[in-house]
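Take a look at the letters that make up each chain.
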Amino acid sequence: MTENHDLIKDNLCVLRSRIAAAAARAGRDPGSINIVAVTKTVDPERIKTAFQCGITDFGENRVQELVQKADILDKGYNWHMIGHLQTNKVKYIVDKVSMIHSLDRIELAKEINRRAEKAGRVMEVLVQVNVAGESTKFGIEPSSALQFVKDVSRMGNVRVRGLMTIAPLVSDPEDVRWVFAGLRQLLIDIRKENIDNVSMDYLSMGMSNDFEVAIEEGANIIRPGTVIFGKR
Ligand SMILES: *Cc1c(COP(=O)(O)O)cnc(C)c1O
């Protein structure tokens, strides 16, 4: 218990200094980089420890797990849906999450819009882009992203706040620098269009093995899991 607590605390300390160093290399303010701690398979007690160490944003990729944890850990905890989302499950999370990072098709946007309207809120979303073009990954093709954002912008209860990507798993994160640079360029290009009801503020990119390169390429939301909570 206390051992667990100390380990997570130490891990966060190391993570924060690595974030600060990566930000410094890129001439960026480390305070502009938000951590969404990925808690899949992590039990609520360990999540509480991270919260006590100042983490307020948590990511889950499965609806059931997210709902269970969000019901126990609510006040002050911001939940992010980061995994593939089935249209018929939007209703379970619409009143629980502060952001959906995995918007990847128009049918899903329509359902989020419908459920958010019913719930009397506007849902903040990131458009997931398959920058690397991996056939196994979800996400909009880069060349379709602008039109997709325009289509979603017409939905009054969904607000696009930026882009998200998952880089291929590689042993040397330098090999995926181009993926992060590509997402940043796409964000800049879409931002230039000044689309109503869209604010291209966030780049959600970088996980335990590649967050430093992602920060150097402009990430302002990173999604580390393993480096905080240990191996799953
Ligand atoms: C699991 C997961 C992460 C965290 O991965 P780690 O390698 O544990 O840091 C980040 N983003 C998404 C979408 C995930 O599914």
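Residues numbered from 1 in each chain as written. Predicted model: local features only at pLDDT ≥ 70, side-chain atom pairs only at ≥ 80, totals over all residues. Heavy atoms only, no water.

Trainee: Let's hear about the pairing of strand S5 (residues 97-103): which residues, and what values?
Mentor: Of all 7 residues making up S5, 6 are buried, and the element is well covered by its neighbours. As paired elements, S5 and strand S6 (residues 123-128) share 2 bridges and run parallel to each other. If you follow Ile100 over to S6, its bridge partner there is Val125. Each parallel crossover has a hand, and the one from S5 via helix H5 (residues 106-119) to S6 is right-handed. (Buried < 20%, exposed > 50% of the residue type's maximum accessible area, 1.4 Å probe, protein only. Helix = DSSP H or I, 4+ residues; strand = E, 2+ residues; numbered from the N terminus. Pairing = 2+ DSSP bridges. Right-handed = clockwise from strand over helix to strand, strands pointing away.)

Trainee: Which residues make up the state of the cysteines, and what values do they have?
Mentor: For the structure on display, the rule yields 0 disulfides. Free of any disulfide, Cys13 has its nearest neighbouring cysteine sulfur in Cys53, separated by 9.3 Å. On the basis of relative accessibility, which here comes to 17%, the residue Cys53 falls in the buried class. (Disulfide = S-S within 2.5 Å.)

Trainee: So, the pattern of salt bridges: which residues are in play, and what are the values?
Mentor: The full count for this structure, using the stated rule, is 21 salt bridges. Of the charged contacts, one joins Lys110 and Glu107 as a salt bridge, the two residues approaching to 3.4 Å between their closest N and O atoms. Here Lys110 and its partner Glu107 are both found in helix H5, 3 residues apart, which amounts to about one turn of the helix. For Asp201, the salt bridge goes to Arg161, with nearest N and O atoms at 2.7 Å. Here Asp201, found in strand S8 (residues 198-204), pairs with Arg161, found in strand S7 (residues 158-164); they are 40 residues apart in sequence, far enough to count as distant. Given the relative accessible area of 33%, Asp201 is considered partly exposed. Judged by its relative accessible area of 15%, Arg161 is buried. Within the structure, one salt-bridge network assembled from shared partners comprises Arg25, Glu174, Arg177, Arg184, Glu216 and Glu217. (Salt bridge = Lys/Arg side-chain N within 4 Å of Asp/Glu carboxyl O.)

Trainee: Lay out the environment of Gly133 in plain terms, naming residues and giving numbers.
Mentor: With respect to the helices, strands and loops of the structure, Gly133 is situated in the loop between S6 and helix H6 (145-153). C-alpha separation for the pair Gly133 and Glu60, spaced 73 residues apart in sequence, amounts to 23 Å.

Trainee: Lay out helix H3 (residues 63-72) with the relevant residues and their values.
Mentor: For H3, the complete set of buried residues consists of Val63, Glu65, Leu66, Val67, Lys69 and Ala70. Looking at the packing, one finds that the buried side of H3 touches helix H2 (44-52), strand S3 (57-60), strand S4 (78-81), helix H4 (90-93) and S5. (Contact = heavy atoms within 4.5 Å.)

Trainee: With reference to specific residues and values, describe the side chain of Lys69.
Mentor: Mapped onto the elements of the fold, Lys69 is located in helix H3. Judged by its relative accessible area of 6%, Lys69 is buried. Within the structure, the side chain of Lys69 is placed 2.7 Å from the backbone oxygen of Thr39, a separation counted as a polar contact. In this view, Lys69 contacts Thr39, Lys40, Thr41, Val42, Ile47, Glu60 and Trp79; residues no more than four positions away in its chain are not counted. (Polar contact = N/O pair within 3.5 Å; in protein donor to acceptor, adjacent residues only side chain to side chain.)

Trainee: Kindly report on H6, identifying the contributing residues and their values.
Mentor: Of all the residues in H6, the buried ones are Ala145, Phe148, Val149, Val152 and Ser153. Viewed along the axis of H6, the buried residues span an arc of 140°, placing them on a single side of the element. Residues of H6 that are buried sit in contact with S5, H5, S6, S7, helix H7 (177-192) and S8. (Arc of directions from axis to C-beta.)

Trainee: Could you give an account of the confidence of the model for the protein, naming the residues involved and the relevant values?
Mentor: For any part of a model where pLDDT is low, the fine detail of the predicted coordinates should not be relied upon. Per-chain confidence: the protein averages 97 in pLDDT, with 99% of residues scoring 70 or above. The least confident element of the protein, judged by mean pLDDT, is helix H1 (residues 2-25) at 94; the most confident is strand S9 (residues 221-222) at 99. (pLDDT = per-residue confidence, 0-100.)

Trainee: So what's going on with the environment of Glu111? Residues and values would help.
Mentor: Take Glu111: it is sitting in helix H5. Judged by its relative accessible area of 11%, Glu111 falls in the buried class. Between the C-alpha atom of Glu111 and that of Asn88, which follows or precedes it by 23 residues, the distance is 8.2 Å. Sequence-distant contacts of Glu111, defined by excluding residues within four places in its chain, comprise Thr87 and Val90. In this structure the side chain of Glu111 is engaged in a polar contact, spanning 2.9 Å, whose partner is the side chain of Arg115.

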